[in-house]
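A structural walkthrough
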Amino acid sequence: MASLSQFHASHSFSGHKSITLHRNPRRIDSHSSHLIIRATSLSSDNSPALSQSPSSSAAAAPTALKHRRPADENIREEARRHNNCTHGHGFCAKYVPFNADPSSTESYSLDEIVYRSRSGGLLDVQHDMDALKKFDGNYWKSLFDSRVGKTTWPYGSGVWSKKEWVLPEIDSDDIVSAFEGNSNLFWAERFGKQFLGMGDLWVKHCGISHTGSFKDLGMTVLVSQVNRLRRMNRPVVGVGCASTGDTSAALSAYCAAAGIPSIVFLPANRISIAQLVQPIANGAFVLSLDTDFDGCMQLIREVTSELPIYLANSLNSLRLEGQKTAAIEILQQFDWEVPDWVIIPGGNLGNIYAFYKGFHMCKELGLVDRIPRLVCAQAANANPLYLYYKSGWSDFKAVKANTTFASAIQIGDPVSIDRAVYALQNSNGIVEEATEEELMDAMAQADSTGMFICPHTGVALSALFKLRKSGVIGPTDRTVVVSTAHGLKFTQSKIDYHSKEIPDMACRFANPPVHVKADFGSVMDVLKKYLLSKDSKI
């Protein structure tokens, strides 16, 4: 097993105390090694290296400054120059049938355009775990930690900082990235204490991202691979998806950045204006179809089987490779400690499996010793997984999804149902649901404590309320709720709630503006009444 340092020598300079020289080990992130003088534990080019010995720690060793790249060279060109100086690392990945029998020999190169196995089942991306295991868990933790917050291409991305675990064979020059990921893990101190009696509640704000949702994490991987295929002269003219909003926003943005045509199938009048405008602004070819998401999905699958359009929906397992990095990132943000629970909204159900896969890879490669329990939260108006779970996994039936404020998970026939079941069964997981009133109330409660979340996060918080009430989740359990999109995409739903304009909904936590006459006395009267309600000492 490779250690963190392969070269360590002491040397004395005339007129100075003894200091330590370090040479970086052979780099797996395509940066050449440097001989540098330093007293730190990480090198300037983001690779782990051994810190100086205790005997020399008192010496204030000078640190060699990293030279700035030439003024006429950008970060992609800098990465290209480093790549030309290095050898391959030996990591690889391939498509295999999802959850196949161990005796199966069916597999496909990631450079093939294939979405299903020969039997019609889902595919999964399988990594060469033996090659990855040649480096121990501490090596991977140090490597990933060393890349956080950097602008070194492409490792400054929260996804591509884990490149060896995502698409190990892609050239950095083919990568299309907006430095996505590295999203805020928010300590929900007031919300947890006031509403749930919890002190260790966290919200992973995946919506604080380039296009405002977690879909960026997967789309950077998929569009990068398409970029590679096009440079290999494979028959790919454009990339297409069916979408409830967020997928189309991510696809159109990344395709625009790469100069690749994008085609979007949207259900007419079923997504927010904020979501609709994103693909339009990014130059996508948008088809507004008089059907729901499931109808759009059926059409895009038929179209991509006939035209040279690459399918970008989560049926394509490449996206899940990017989405799984959010799970790794959560562990990283907890200094590689494992939370007790992770609650994830579920619609097409690829994300619950992606999180499971990220956690499981960390366990298998020795970064952690267990995985958290997973909870998938569904809107009651689109709840096929919940009904399947309540049946004891004995009778899955697709449903006709009814309208929900959590529009991105308004899906009645999820593509990744088998992946979700696998993830939940292997993590001792749970499925919960939330009514429209429950999810909107939860969203309003969270917003009142300083957040600004989407309705889908309201679904996940509603599930948390129920699991706390039943005692399944304890008051001291470290719990992470995954927020999948930014609240600014769903302002109309918030306006409707606080205006109390939603039929058959009490909107208990509404906070409408107070209309007051424009004179000093009226304003003073209203303010005194308000302040008295907040502080009895006035």
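Here the structure is shown first, and the text comes after it.
One structure accompanies this document, and this report is about it. (Residues numbered from 1 in each chain as written. Predicted model: local features only at pLDDT ≥ 70, side-chain atom pairs only at ≥ 80, totals over all residues. Heavy atoms only, no water.)

What about the overall build of the protein chain?
Tallying secondary structure elements over the protein chain gives 17 helices and 15 strands in all. By the burial criterion, 56% of the 538 residues in the protein chain qualify as buried. For the protein chain, long-range pairs separated by at least 24 residues make up 68% of all intrachain contacts whose partners lie at least 6 apart in sequence. Roughly 23,500 Å² of accessible area belongs to the protein chain as shown, and the carbon and sulfur atoms make up 52% of that amount. (Helix = DSSP H or I, 4+ residues; strand = E, 2+ residues; numbered from the N terminus. Buried < 20%, exposed > 50% of the residue type's maximum accessible area, 1.4 Å probe, protein only. Contact = heavy atoms within 4.5 Å. Areas by Shrake-Rupley, 256 points an atom, 1.4 Å probe, with all protein chains shown as cover.)

Re helix 13 (residues 417–425)
Every buried residue of helix 13 is accounted for by Ile417, Arg419, Ala420, Val421, Ala423 and Leu424. Packing partners of the buried residues in helix 13 comprise strand 5 (123–127), helix 9 (318–323), helix 11 (350–364), strand 13 (373–379), helix 12 (384–390) and strand 14 (430–434).

Some points on the pattern of salt bridges
Side chains that carry opposite charge are capable of pairing whenever their charged atoms lie near each other. Applying the stated criterion to the full structure yields 19 salt bridges. A salt bridge links Glu106 to Arg118; the nearest nitrogen and oxygen atoms lie 3.9 Å apart. Taken together, the residues span a long stretch of sequence, with Glu106 in the loop between strand 4 (93–97) and strand 5 and Arg118 in the loop between strand 4 and strand 5 at a distance of twelve residues. You can call Glu106 buried: its relative accessible area is 11%. (Salt bridge = Lys/Arg side-chain N within 4 Å of Asp/Glu carboxyl O.)

Remarks on the packing of helix 4 (residues 189–196) against helix 15 (residues 455–469)
The interhelical angle for the contact between helix 4 and helix 15, taken along N-to-C directions, is 45 degrees, at an axis separation of 12 Å. The pairing of helix 4 with helix 15 is recorded here as oblique in orientation. Of the two elements, helix 4 crosses helix 15, and the hand of that crossing is right-handed. Residues Phe191, Phe195 and Leu196 of helix 4 form the contact with helix 15, whose participating residues are Leu461, Leu464, Phe465 and Arg468. Looking at the contact of helix 4 with helix 15, its residues break down into six nonpolar, no polar and one charged. (Axes fitted to C-alpha atoms, helices over the stretch in contact; angles between N-to-C directions. Parallel < 35°, antiparallel > 145°, perpendicular 65-115°, else oblique. Left-handed = near helix turned anticlockwise from the far one by under 90°. Nonpolar A, V, L, I, M, F, W, Y, C, P; charged D, E, K, R; others polar.)

A few points about the packing of aromatic side chains
This model, assessed by the stated rule, comprises 23 aromatic pairs. Through a chain of ring-to-ring contacts, the aromatic side chains of Phe91, Phe135, Tyr139, Trp140, Phe144 and Trp165 assemble into a single cluster. In this structure, Lys162 is placed above the aromatic ring of Phe144, and the distance from its NZ or CZ to the ring centre is 5.8 Å. Positioned over the ring face of Phe452 is Lys494, at 4.4 Å from the centre of the ring. (Phe/Tyr/Trp six-rings, centres within 6.5 Å; stacked < 30°, edge-to-face > 60°. Lys NZ or Arg CZ within 6 Å of the ring centre and 35° of its normal.)

Some words on the packing of helix 6 (residues 246–258) against helix 7 (residues 273–281)
It is at 8 Å that the axes of helix 6 and helix 7 come closest, and there the two elements cross at 20 degrees. Taken together, the axes of helix 6 and helix 7 are roughly parallel relative to one another. Note on packing geometry: the crossing formed by helix 6 with helix 7 is left-handed. Contacts between helix 6 and helix 7 involve Asp246, Ser248, Ala249 and Ser252 on the former and, on the latter, Gln275, Gln278 and Pro279.

Quick notes on the sheet that holds strand 8 (residues 238–242)
Working definition: the strands of a sheet are paired by backbone hydrogen bonds and lie parallel or antiparallel to each other. Pairing is parallel across the open sheet formed by four strands, whose spatial order is 10-9-8-11. With partners counted over all chains shown, the strands left at the sheet margins are strand 10 (285–289) and strand 11 (309–311), one partner each. Ignoring which end each strand starts from, the neighbouring axes of this sheet average 25 degrees apart. Contacts from helix 6 reach strand 8 and strand 9 (262–267), with the element oriented near 170 degrees to strand 8. (Pairing = 2+ DSSP bridges.)

Quick notes on unusual backbone geometry
A cis geometry characterises the amide bond from Trp153 onward to Pro154, with omega recorded as -5 degrees. When you line up the elements, Pro154 lands in the loop between helix 3 (137–147) and strand 6 (185–187). The backbone phi angle of Asn428 is positive, close to 50 degrees, even though this residue is not glycine. Note that Asn428 resides in the loop between helix 13 and strand 14.

Describing helix 8 (residues 293–304)
Under the 1.5 Å per step criterion, the end-to-end length of helix 8 is 16 Å for twelve residues, consistent within 8% with the ideal 16 Å. Looking only at helix 8, the buried set comprises Phe293, Asp294, Gly295, Cys296, Met297, Ile300 and Thr304. Tucked into the core, helix 8 has its buried residues touching strand 8, strand 9, strand 10 and strand 11. Capping the start of helix 8, Asp292 holds a side-chain oxygen 3.3 Å from the backbone nitrogen of Asp294, two or three residues further along. (Expected span 1.5 Å × (residues − 1). Polar contact = N/O pair within 3.5 Å; in protein donor to acceptor, adjacent residues only side chain to side chain.)

Comments concerning the side chain of Asp246
With respect to the secondary-structure elements, Asp246 resides in helix 6. In terms of polar contacts, Asp246 uses its side chain to reach the side chain of Lys489, at 2.8 Å. Apart from residues no more than four positions distant in its own chain, Asp246 is found in contact with Ser213, Lys215, Gln275, Ala408, Ala485 and Lys489.

Some words on the nonpolar core
Core analysis: the largest hydrophobic core is formed by 105 residues, its most contacted members being Trp140, Trp165 and Tyr310. In this structure, Leu201, Ile409, Val459 and Ile473 belong to the second largest nonpolar core, which totals 36 residues. (Core = buried A, V, L, I, M, F, W, Y, C linked by side-chain atoms within 4.5 Å.)

So, the sheet that holds strand 14
Spatially, the six strands line up as an open sheet ordered 6-7-15-12-13-14, and their pairing is mixed. Only two strands of the sheet have a single partner each, and these edge strands are strand 6 and strand 14. Averaged over all neighbouring strand pairs, the angle between strand axes comes to 25 degrees, with direction disregarded.

Quick notes on the pairing of strand 7 (residues 201–205)
Where burial is concerned, most of strand 7 is hidden: five out of the five residues are buried. Going residue by residue along strand 7, you find Leu201, Val203 and His205 tucked away on one face and Trp202 and Lys204 tucked away on the opposite face as well. When strand 6 meets strand 7, the two strands line up antiparallel, connected through three bridges. From the neighbouring strand, Trp187 faces strand 7, where its bridge partner is Trp202. Here five bridges tie strand 7 to strand 15 (residues 479–483), and the two strands are oriented parallel to one another. Paired with Trp202 across the strands is Val480, a residue of strand 15.

Quick notes on the environment of Ile170
Turning to its location among the elements, Ile170 is positioned in the loop between helix 3 and strand 6. A residue is classified by how much of its surface remains accessible, and Ile170, at 5% relative accessible area, is buried. Between the C-alpha atoms of Ile170 and Gln225, which are 55 residues apart in sequence, the distance is 7.5 Å.

Don't take any of this as a statement about function, it's just geometry.
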